Structures are given as C-alpha cells and as structure tokens.
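Spelled out from the first residue to the last, the chains are:
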Amino acid sequence: MSATGLEVFDRTLHKTHAWLKAIMEELGTEDRHKAYMALRAVLHALRDRLTVEEVAQLGAQLPMLIRGLYYEGWDPTGKPLKERHKEAFLAHVAQELKTPSGPAVDPEAAVRAVFKVLSREISQGELEDILGLLPKELRALWPQG
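Residues numbered from 1 in each chain as written. Predicted model: local features only at pLDDT ≥ 70, side-chain atom pairs only at ≥ 80, totals over all residues. Heavy atoms only, no water.

A. Looking closely at the packing of aromatic side chains. For the structure on display, the rule yields four aromatic pairs. Between Y70 and Y71, the ring centres sit 5.0 Å apart and the planes meet at 65°, which makes this aromatic pair edge-to-face. Using a relative accessible area of 0% as the deciding quantity, one classes Y70 as buried. Measuring from ring centre to ring centre gives 5.8 Å for Y71 and W74, while their planes differ by 50°; the resulting arrangement is tilted. A connected cluster of aromatic rings, assembled from ring pairs, spans Y70, Y71 and W74. (Phe/Tyr/Trp six-rings, centres within 6.5 Å; stacked < 30°, edge-to-face > 60°. Buried < 20%, exposed > 50% of the residue type's maximum accessible area, 1.4 Å probe, protein only.)

B. Spotlight on the nonpolar core. Counting residues in each nonpolar core, the largest one holds 41 residues, and the members touching the most others are L39, L46, L58, F115 and L118. Looking at this core, the elements with two or more residues in it are α1 (7-27), α2 (32-49), α3 (52-61), α4 (64-71), α5 (86-97), α6 (107-121) and α7 (124-133). A total of nine residues in this core trace back to one element, the largest contributor, which is α2. Leaving out residues up to four positions away in the same chain, F115 has contacts with V42, L46, F89, L138, L141, W142 and P143. (Core = buried A, V, L, I, M, F, W, Y, C linked by side-chain atoms within 4.5 Å. Helix = DSSP H or I, 4+ residues; strand = E, 2+ residues; numbered from the N terminus. Contact = heavy atoms within 4.5 Å.)

C. Structural detail: α7. Taken together, the buried positions of α7 are E126, L127 and I130. End-on, the buried residues of α7 take up no more than an arc of 100°, which puts them together on one face. Structural note: α7 exposes Q124 and G132 on the side pointing more than 90 degrees away from its buried face. If you follow the buried residues of α7, they end up packed against α2, α3 and α6. (Arc of directions from axis to C-beta.)

D. Geometry of the pattern of salt bridges. Under the defined criterion, the tally for this structure stands at eight salt bridges. A salt bridge links K86 to E108, with the shortest nitrogen-to-oxygen separation between them at 3.2 Å. One end of the pair, K86, is in helix α5; the other, E108, is in helix α6, with 22 residues separating them in the sequence. Taking relative accessible area as the criterion, K86 reaches 23% and is therefore assigned partly exposed. A salt bridge links R112 to E108, with the shortest nitrogen-to-oxygen separation between them at 3.0 Å. Taken together, the residues R112 and E108, both in helix α6 and four residues apart, mark about one turn of the helix. (Salt bridge = Lys/Arg side-chain N within 4 Å of Asp/Glu carboxyl O.)

E. Structural detail: α1. With 21 residues, α1 should reach 30 Å at 1.5 Å per residue; the first-to-last C-alpha distance of 30 Å fits that figure. Every buried residue of α1 is accounted for by T12, T16, W19, L20, A22, I23 and M24. Positive backbone phi, approximately 70°, marks G28, located one or two places after α1. (Expected span 1.5 Å × (residues − 1).)

Geometric values such as these leave the question of function open.
Written out as structure tokens, the structure is:
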C-alpha cells in the first residue's frame, strides 16, 4: 500500500481538528476535550431529535471521524424524540455533558457553538431540512442569518 492510501484518514483527522478548533473558539476555551464533549453531546441530542432519514442525510455530510462519533450508541427505536422545548433539549445535552463535578460545558453554549459550526460546514439544503423539522424554540438556538 502506498503512503497515499491513508490520505482519507489524514483528511478526516485534519477536518476533525478544524471542527474542534472552531468549537473551542466559539466556547472561548483552549480545552480540546471540552470541545469534543460539546460536539458529541450536541450531535447526539440533535440526532435523537431527527427522523431516521434526516439522521442519515446529516451523517453523510459529516467528516468520517465525526460521523463515527455521531452514530456512536445510536438506537433509532422510538426516534425522533419529541423534545419541543428548549429546556428539554438542553437537558438532553446536559445529560451527555455530565461529569462528576457537573456539566463539562454550559449546555446552551455548547449547543450554540456546535450549531454555528454545523451551519458553516453542512449544505444549505441540509440545514434547511434540519430547521424544518425542529420546533421554533430549537430553531432559535441556531445562528441567525
């Protein structure tokens, strides 16, 4: 196998680091682990709120390494969850962010940071599909414009 045979791994590592760096900037932290925890928690909460078809469509647009994180532990049974209110969605994120000393990151800050990065990285059509499935209170967490 040539050295170029692993370019796909180099590319996904590079993209994943870029996403984490962008989330760190949005959160105002230098802690890559906090950015990772925020990305994982928000992707899982969003995934569990989408239809199975939309889960697959969003997953197809994620870098390979982030896609694995997105699908980690997913059970489509009983999905999508009917979280209609911001508080319920943020509680879902907070549960995933839980550490012995409390949430690793403020849940709303995590959601806003990850949604901002997602809005820059996924296609406009996919973004519109996702927003079309979310109630107004959850759409309000996405960057405006």
